[in-house]
Structure formats: C-alpha cells, structure tokens
Amino acid sequence: MITIINNEQRQKDLNQIPEFINDSEFDYKFQEYSAIYYLTNEKLANLYNEINFTKYKTALTVLSSGDQTFNLILEGVERIDTFDCNRLAEYYALGFKKTAIQCLDYKDFTNLFYLRQKKLYDLESEVIKHMPKEYKIFWKTYREVYRQYYPYPSVLGLAKEHNFPNGNNIYFSKESYKYLQKRLNDVLITFSYAEVKQLPEAFGQYDFIYLSNILSYDHWVFNSKDRECLAEQYAKFVLDIYTKNLNPNGLLIYNYGFNGLIDKYCSNEIVERKVTYDLEKLDRAYGLRKLK
C-alpha cells in the first residue's frame, strides 16, 4: 500500500512531463522534478549485513531508486515510510520498479538494466500494463510525449547515470528476488513528498532511519556556506531526528560517505552515541544508536 497523492497533484505531475523532457539541464538537482537514480550506488548489501534487523519492524528512508526500501523488506522490516524531494522518485521506484519486481521473472527484471531500444521498450510496456492506474497514466503520457523525439522512449531515460546490477543490492540474486516478490505483498510502504529538513516534525517514530548521503550536501540542505553555521545546524538536525523520530534501541544512519568521505561535523553529543560502518572501496556509513 502507498499513501494517496491527490488528483490535483497527479495532474500537475502530468503537466510537468513536457517541461522536464525538454529541459537541457535536467539532472540531479534536488528539486521537485529531477533525474531519477537508476540503481543505488551505495553498498547496501554490505551495510545491511552489518546491522541486526531482528527487532527493527518499522523504518523511515529516502526513496531515491527504491533500493533502500526493497533491501529493507528482505531484512524483515514490516512498515516502511519513504520520503523524497523529487516527485519522479515515486513514479519510478514505487510505480515502475516495484511493479516490475511483482510482475516479471528474475531474468526479465535483470534484463531491464541491460536491454536497449525496442526490446527494452516492449519489456517496459509489459510492466506499465500491470501498474496501478495513477502510475500507468503517468508513464503512458511520458512515452507519448517523448515519442516525438525518439521512437522507443524508455522509463530509464530519466536517469542520468546507468549503474548496472552489481553487489550493492541483496535482491539481485535469484533466490532473494523471489523472496522479495512474496514479501512485497505483506509490507506497508508509504510515500510522502518532503525535504529532509521536514522529517523531525512531519514524521513519527521508527526503529530504523536511513538518510543516505543527503547530509553530504550540507550547503544545500541548510542553505549556507559558512562552515561554523553548517556544523551547528548539522549536529542540531541529526540530534533532533535522533530525539524525536528514533525509537528506543533503534538505529539512525544519518550519513553515507563515499570513498573515505569523513563525517565533517561530529559534535561531542554525536560522538557519544556514534557507530561507524566501514564498507568496500573506503565507503563509510555513520549512525547513532539509541539505548533505553
């Protein structure tokens, strides 16, 4: 199940399709309509393997490519609330990708990320046919508009980086994929259009919270270039989520750092509760555990 976005907003999303198709600077802009993430580039399989999810039944995560959510389902999480500042993330992750997992066998699903032109177009058509109405209308409209420029418009054409399947996702194995197909019917997934700064007030409490690498873009999140100001706001925000949104014995992963990227603003309050996960290729995830 997914939270309902009202019909007025759905129509606005449809009206925006010609705008972002014709936008020569369409990219990852952290705005209402921007490029989608094809697949995660985070080492989620490695990270989740380091975490004991036994008692984590509820989660809050950025939606992005949807991979954070789908891997959490395989870890046994029963309710997942998602957020994103990009409305297209919902149409891709919960409309296209989720439906693809539900209706395609393992071979056809993995082919989505390798095929090109007509074969990919035909396979995507099969996925669109099985979508809930609001997503089906969006993607059919997108392809009708895009067909003016290209004979076989692809959903994946909205991604600016094409990362092929790799070891980042648990579900890219045949056995895990089949298990995910079954689990999708039992897990409640919601989506809210929201910026990360809205989280403490807009959401409830969870056993597990995952913010991906959003806070690495601190100057954008907190609208400042002053290092002292950023340090203060960064620490206050992390601790705010920790206090308001994390259940006792829960875990907040507040930043994912690529290639040895350090946790820039680590206040004394954060250090006291901090846990660091060292992953492949010098990636690190930084978290806070909440004890009773």
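Keep in mind that what you see is a predicted model, and the values were worked out from it rather than measured. (Residues numbered from 1 in each chain as written. Predicted model: local features only at pLDDT ≥ 70, side-chain atom pairs only at ≥ 80, totals over all residues. Heavy atoms only, no water.)

**Student:** So what's going on with the pattern of salt bridges? Which residues, and what values?
**Tutor:** Applying the stated rule across the entire model yields 14 salt bridges. Measuring nitrogen to oxygen at the nearest pair gives 3.4 Å for the salt bridge that ties Lys-244 to Asp-240. With Lys-244 and Asp-240 both in helix 12 (residues 227-245) and 4 residues apart, this pair spans about one turn of that helix. Overall, the relative accessible area of 34% leaves Lys-244 in the partly exposed class. Each of Glu-201, Asp-240 and Lys-244 takes part in a single network of salt bridges with overlapping partners. (Salt bridge = Lys/Arg side-chain N within 4 Å of Asp/Glu carboxyl O. Helix = DSSP H or I, 4+ residues; strand = E, 2+ residues; numbered from the N terminus. Buried < 20%, exposed > 50% of the residue type's maximum accessible area, 1.4 Å probe, protein only.)

**Student:** Please provide a residue-by-residue account of the packing of helix 7 (residues 117-129) against helix 8 (residues 133-146), values included.
**Tutor:** Where helix 7 contacts helix 8, the axes come no closer than 9 Å and their chain directions differ by 150 degrees. Put simply, helix 7 runs roughly antiparallel to helix 8. For the element pair helix 7 and helix 8, the recorded crossing hand is left-handed. Contact residues: Tyr-121, Glu-124, Ser-125, Ile-128 and Lys-129 in helix 7; Lys-136, Trp-139, Lys-140 and Arg-143 in helix 8. For the contact of helix 7 with helix 8, the class distribution of residues is 3 nonpolar, 1 polar and 5 charged. (Axes fitted to C-alpha atoms, helices over the stretch in contact; angles between N-to-C directions. Parallel < 35°, antiparallel > 145°, perpendicular 65-115°, else oblique. Left-handed = near helix turned anticlockwise from the far one by under 90°. Contact = heavy atoms within 4.5 Å. Nonpolar A, V, L, I, M, F, W, Y, C, P; charged D, E, K, R; others polar.)

**Student:** Would you mind going over the sheet that holds strand 5 (residues 246-257) in detail, with residue names and values included?
**Tutor:** Taken in spatial order, the 7 strands line up as 3-2-1-4-5-7-6 in an open sheet, and their pairing is mixed. The open sheet terminates on both sides in strands that have one partner only, identified here as strand 3 (188-193) and strand 6 (274-278). Ignoring which end each strand starts from, the neighbouring axes of this sheet average 20 degrees apart. Bridge analysis of strand 1 (residues 58-62) against strand 2 (residues 79-84) gives 5 bridges, and the strand direction is parallel. Its bridge partner lying in strand 2, Ala-59 is registered against Ile-80. The strands touched by helix 4 (residues 67-74) are strand 1, strand 2, strand 3 and strand 4 (206-210); relative to strand 1, the strand with the most contacts, the crossing angle is about 160 degrees. Docked against the sheet, helix 5 (residues 87-103) engages strand 2 and strand 3, running at close to 160 degrees with respect to strand 3. (Pairing = 2+ DSSP bridges.)

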